Amino acid sequence: MVSNSAKEVFIQGITHDGRTFRPSDWADRLCGVMSQFRPGGPQPGSHLTYSPWCVPMLINGVKCVVVNAELRDAEPMAWDFAINFAKDNDLQMAEACLLPDKP
């Protein structure tokens with residue numbers, strides 16, 4: 001379950017029973033679908049880049065998608081789609097926040 005106070009949700013490419021989720025490009029596909037949801041709405045060419053609210057990452061060798069809570073506020077149905085994707089595929093989720101890199 002994801003709390004309403006979460007700033008970011010990490011959808012991890014590992015199922016609850018520890019298996020690696022397939023296909024291997026699942027994170028890129030999910031973020032591609034979510035690319036139109038962004039601050040200010042879709043712009044010409046915005047489908048060519050990922051949304052800042054839904055970004056694929058590799059964390060400790062595990063493919064993840066980081067979904068920012070701003071998506072929930074701006075596009076609740078898109079937020080539900082991403083969270084339900086994780087639930088439907090039995091993927092592990094964690095609430096956290098990314099820290100900026102050291103200067």
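None of the values given here were measured: they were computed from a predicted structure. (Residues numbered from 1 in each chain as written. Predicted model: local features only at pLDDT ≥ 70, side-chain atom pairs only at ≥ 80, totals over all residues. Heavy atoms only, no water.)

**So, the overall build of the protein chain**
Along the backbone of the protein chain there are three helices and four strands. Starting at the N terminus and walking to the C terminus, you meet the elements of the protein chain as β-α-β-β-α-α-β. Taking all 103 residues of the protein chain together, 36% fall into the buried category. When contacts within the protein chain are restricted to residue pairs at least 6 apart in sequence, long-range pairs at least 24 apart make up 62% of them. About 6,500 Å² of surface is accessible on the protein chain, with carbon and sulfur atoms providing 55% of the total. (Helix = DSSP H or I, 4+ residues; strand = E, 2+ residues; numbered from the N terminus. Buried < 20%, exposed > 50% of the residue type's maximum accessible area, 1.4 Å probe, protein only. Contact = heavy atoms within 4.5 Å. Areas by Shrake-Rupley, 256 points an atom, 1.4 Å probe, with all protein chains shown as cover.)

**Things to note about the sheet that holds strand 2 (residues 54–59)**
Sheet architecture is open: four strands sit in the order 2-3-1-4, paired in antiparallel fashion. The sheet is open, and its two edges are formed by strand 2 and strand 4 (91–96), each paired on a single side. Neighbour to neighbour, the strand axes of the sheet diverge by 30° on average, direction disregarded. When strand 2 meets strand 3 (residues 62–68), the two strands line up antiparallel, connected through six bridges. In the strand pairing of strand 3, Val-55 is matched with Val-66. Lying on the sheet, helix 1 (residues 26–33) is in contact with strand 1 (8–15), strand 2, strand 3 and strand 4; it crosses strand 3 at an angle near 20°. (Pairing = 2+ DSSP bridges. Axes fitted to C-alpha atoms, helices over the stretch in contact; angles between N-to-C directions.)

**Observations concerning the pattern of salt bridges**
Within the structure shown, the criterion is met by two salt bridges. The residue Arg-19 makes a salt bridge to Asp-17 at a minimum N-O spacing of 3.2 Å. When its relative accessible area of 51% is taken as the criterion, Asp-17 is described as exposed. Of the charged contacts, one joins Arg-29 and Asp-25 as a salt bridge, the two residues approaching to 3.0 Å between their closest N and O atoms. (Salt bridge = Lys/Arg side-chain N within 4 Å of Asp/Glu carboxyl O.)

**Brief notes about the packing of aromatic side chains**
Applying the stated criterion to the full structure yields three aromatic pairs. Relative to Phe-85, the ring of Phe-21 lies with its centre 6.0 Å away and its plane at 90°, an arrangement referred to as edge-to-face. Of this pair, Phe-21 sits in the loop between strand 1 and helix 1 while Phe-85 sits in helix 3 (residues 76–88); the two residues are 64 residues apart in sequence, bridging distant segments of the chain. Exposure remark for Phe-21: the relative accessible area of 12% places this residue in the buried category. Seen from the ring of Trp-79, Arg-72 lies directly overhead, with NZ or CZ sitting 4.7 Å from the centre. (Phe/Tyr/Trp six-rings, centres within 6.5 Å; stacked < 30°, edge-to-face > 60°. Lys NZ or Arg CZ within 6 Å of the ring centre and 35° of its normal.)

Note that every value here comes from positions in space, so none of it alone points to a role or purpose.
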